Amino acid sequence: PLVPPIPRKPLAEGKTCTKGSEIYGFKVGAEIDADGAVFDDTGSENATDTGILVNGASGVTLGANDGSSAGRFGYHFLNASGLMLHNFSALSNGTYGVFFEHTTGSLLNQFEAGDSGGGNGIAGIYLGCSLNGPGAACSSRPAVTNTIAHGSVSDNTRYGVVVDAGSGKNVLVNLSTGDNT
């Protein structure tokens, strides 16, 4: 029998089991610090702070994931770049479903960030630098040149999508944003 090649980049691949392939109840469900990592078909629920954190990494791919029911953020992209996140959900998080903090050149595609069964506390998607909601302009390190496309951002407590002042050159296209109060 042939031995499969060892991946050159970090890889986390979920598989079907009784509770799915979710990480439950940690402060941070999963933290990705490695460039080029692939985190596929898994996720985090009920993290006390953040479901999935990408911290300072570039070129990370996240697919078919769930970052829901976290104390603050379903997904937190901090000082990251060139990320690709597709086919995911971010529901019922305390503050933001997806938080782009000082993150650039990334793509979100085919997603759900809030719905009638579980909106997020402040916003479904937030591009900015405030941990507690839209505020002063992010002058030193804004979230820029990100693309957010083909998703549903609805039924969140205050906002569907927020782009803070200073976080320019982002592209938002084909988003359903109904019923955000």
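See the structure above.
Calculation notes
- Residues numbered from 1 in each chain as written.
- Predicted model: local features only at pLDDT ≥ 70, side-chain atom pairs only at ≥ 80, totals over all residues.
- Heavy atoms only, no water.
- Core = buried A, V, L, I, M, F, W, Y, C linked by side-chain atoms within 4.5 Å.
- Buried < 20%, exposed > 50% of the residue type's maximum accessible area, 1.4 Å probe, protein only.
- Helix = DSSP H or I, 4+ residues; strand = E, 2+ residues; numbered from the N terminus.
- Contact = heavy atoms within 4.5 Å.
- Polar contact = N/O pair within 3.5 Å; in protein donor to acceptor, adjacent residues only side chain to side chain.
- Pairing = 2+ DSSP bridges.

Undergrad: Which parts of the structure should I look at to understand the nonpolar core?
TA: A general feature of soluble globular proteins is that nonpolar side chains tend to end up buried together. Within the largest apolar cluster, 26 residues are counted, with the highest numbers of intra-cluster contacts made by Val54, Leu62, Phe77, Val98, Phe100, Leu108 and Ile125. Contributions of two or more residues to this core are made by β3 (28–32), β6 (50–55), β9 (73–78), β10 (84–89), β11 (96–101), β12 (107–112) and β13 (123–128). Apart from the residues lying within four places of it in its own chain, the contact partners of Val54 are Ile32, Val60, Leu62, His76, Phe77, Leu78, Ala80 and Leu83. Counting residues in each nonpolar core, the second largest holds seven residues, with Phe99, Ile122, Tyr126 and Val162 among its members.

Undergrad: Help me understand the side chain of Asp49, please; the structure alone is not making it clear to me.
TA: Structurally, Asp49 is set in the loop between β5 (43–45) and β6. Among the polar contacts listed, one links the side chain of Asp49 to the side chain of Thr50, at a separation of 2.6 Å.

Undergrad: Is there a simple way to explain the pairing of β11 in this structure?
TA: The two faces of the sheet receive side chains in turn, since in a regular strand these alternate between them. When you tally the buried positions in β11, you get six out of six residues, the bulk of the element. When β9 meets β11, the two strands line up parallel, connected through five bridges. The residue bridging Phe77 from the neighbouring strand is Phe100, located in β11. Bridging between β11 and β13 involves five bridges; their strand directions are parallel. Paired with Phe100 across the bridge in β13 is Leu127.

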